[in-house]
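# Observations on the model geometry
Here is how the chains run, residue by residue.
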Amino acid sequence: MALKPWPKLFYYFKDVRIFLITISLVVMVGVAAVYLFRYLTVNELLIQTVRHEAESFARLIVLTRHWNAAYGGVYVEKKPGIESNPYLKALGIDPDIRTADGRLLTMRNPAIMTREISELAHQDNIVEFHMVSLKSLNPDNRPDDFERRSLEQFERGVRNIWQIERSGERPIFRYILPLVTEEPCLQCHARQGYRLGDIRGGVSVIIPAAELMSQISTNRTQIIVDASITIGIMLSALYFLTWKLMVRLDNVQKRLKHLAITDELTGLQNRRYIMEQLESEYQRAVRTGTSLALVLIDIDHFKKVNDTYGHAAGDLVLKAVARDIRDNLSTYDLLGRIGGEEFLIASPGSTLDEAAACAERIREKIRGGEIANKAHSISVTVSAGVTSLSGQDEKADALLARADEALYRAKQAGRDRVAKA
């Protein structure tokens, strides 16, 4: 009883499933990349909104400090609970003055003014901010790890540094803006060694990020749902439209792959593929410390065969020699044709002597045989150069070059012989 179309397709699909899975993965990765870009773009916009909020707040604080510094500090009446700035005294500046009517005033310089505004903002749970410096007089202005890294990066020219922290009870958005030393700042900070234009610290801003994280989470969920639906639709359409094409292309693909790595005349591996295999085996042998031997074989006086019997006879000789070489190799040996009448054997796990013995068997096999060519029989000999991996080889090319040198010596010594290097 004949199989119905769908089960027959199902069984054949197993042969091409790798291709279909690959295409499916490409589609999935492509769709995921598009939605990931969308996700990152939306997240970036959300984060940039909060960053701009933090930056605006920090610049407003800086502007307020500039106003204060431009007047050389402002004085407020020293009422109960208001303390004088002890750090001004450390700089040699008396923060307190008494008016003609007997009231006591105390100076609020930019630093203490910023701290007091920060305390009010923190009480209202709006935002937190404070000044930080690597040369801070006030211990409260000493930087934490994030602030210290940021201040060090300011020295290298980086600006507008931020990060989201999730390690505490609630997520927070942290932003720090550099403070550049200006003319009014030198009144207090020149004593600390700051010069005009120096980075003397930063405004560290902390904004609650629970709402931001909630928006990011919602965006992530929506992106995952949309991407899953899109991938499902596209994969269904892709599977339906490509399975017929895959069936037709399967045989063509196999044929093309075979042609890409095979020498058409001899059926051996071609030069490109055997060289890739040699490089792979070389790397493996170096990595594992195992042996690797090469045999380079050349047909003696091959040009004379072509000139005497014709190129068709030369092709027969090449096929016969290739067959004899292949018949004398083990399953693990690699064989390819790398030139007109040159053949390369890569023998993983073989020593120099073992490879030389194999080359000798091949030489004797070819020397003792005859190749039928219409009314003539053709006899040929081969020369071989043998070498093996040594600790001095830096590349596979060096190994091949030694085999070529050994082959040259075999030719110079009279041909029809095996030379080792």
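Residues numbered from 1 in each chain as written. Predicted model: local features only at pLDDT ≥ 70, side-chain atom pairs only at ≥ 80, totals over all residues. Heavy atoms only, no water.

## Digging into the environment of D198
Its place among the elements puts D198 in the loop between helix 5 (186–189) and strand 7 (199–208). Looking at D198, the relative accessible area reads 25%, which means it is partly exposed. For the pair D198 and T181, spaced 17 residues apart in sequence, the C-alpha to C-alpha distance is 5.2 Å. (Helix = DSSP H or I, 4+ residues; strand = E, 2+ residues; numbered from the N terminus. Buried < 20%, exposed > 50% of the residue type's maximum accessible area, 1.4 Å probe, protein only.)

## Looking at helix 9 (residues 311–327)
Taking 1.5 Å per residue as the helical rise, helix 9 with its 17 residues ought to reach 24 Å, and the 24 Å between its terminal C-alpha atoms agrees with that figure. Buried within helix 9 are the following residues: A313, G314, V317, L318, A320, V321, A322, D324 and I325. (Expected span 1.5 Å × (residues − 1).)

## Things to note about the pattern of salt bridges
Tallied over the entire structure, the rule returns 21 salt bridges. Of the charged contacts in the structure, one is a salt bridge between R103 and D101, with a shortest N-O distance of 3.3 Å. The exposure class of D101 is exposed, given its relative accessible area of 54%. Across the pair R363 and E360 runs a salt bridge, and its minimum N-O distance is 2.4 Å. On the criterion of helical spacing, the pair formed by R363 and E360 is a turn pair, its members being three residues apart in helix 10 (residues 352–367). Judged by its relative accessible area of 26%, E360 falls in the partly exposed class. Salt bridges linked by common partners bring D144, E147, E165 and R174 together as one network. (Salt bridge = Lys/Arg side-chain N within 4 Å of Asp/Glu carboxyl O.)

## Quick notes on the sheet that holds strand 1 (residues 74–77)
Strand order in the open sheet formed by three strands is 1-3-2, with antiparallel pairing between adjacent strands. Where the open sheet ends on each side, the last strands, each with one partner, are strand 1 and strand 2 (96–98). Across the sheet, the axes of successive neighbouring strands diverge by a mean angle of 35 degrees, strand direction being ignored. Relative to strand 3 (residues 104–108), strand 2 runs antiparallel, the two sharing three bridges. Paired with D96 across the two strands is T106, which belongs to strand 3. (Pairing = 2+ DSSP bridges. Axes fitted to C-alpha atoms, helices over the stretch in contact; angles between N-to-C directions.)

## As for the nonpolar core
Ranked by internal contacts, the top residues of the largest apolar core, which has 31 residues, are F173, Y175, V203, V205, I207, L212 and I216. Elements represented by at least two residues in this core include exactly helix 1 (5–70), strand 4 (128–132), strand 6 (172–180), strand 7 and helix 6 (210–261). In terms of residue count, the dominant contributor to this core is helix 1 (eleven residues). The contact partners of V205, leaving out residues within four places of it in the chain, are A54, A58, V127, E128, F129, F173, R174 and Y175. Counting residues in each nonpolar core, the second largest holds 30 residues, with A293, I371, V380 and A384 among its members. (Core = buried A, V, L, I, M, F, W, Y, C linked by side-chain atoms within 4.5 Å. Contact = heavy atoms within 4.5 Å.)

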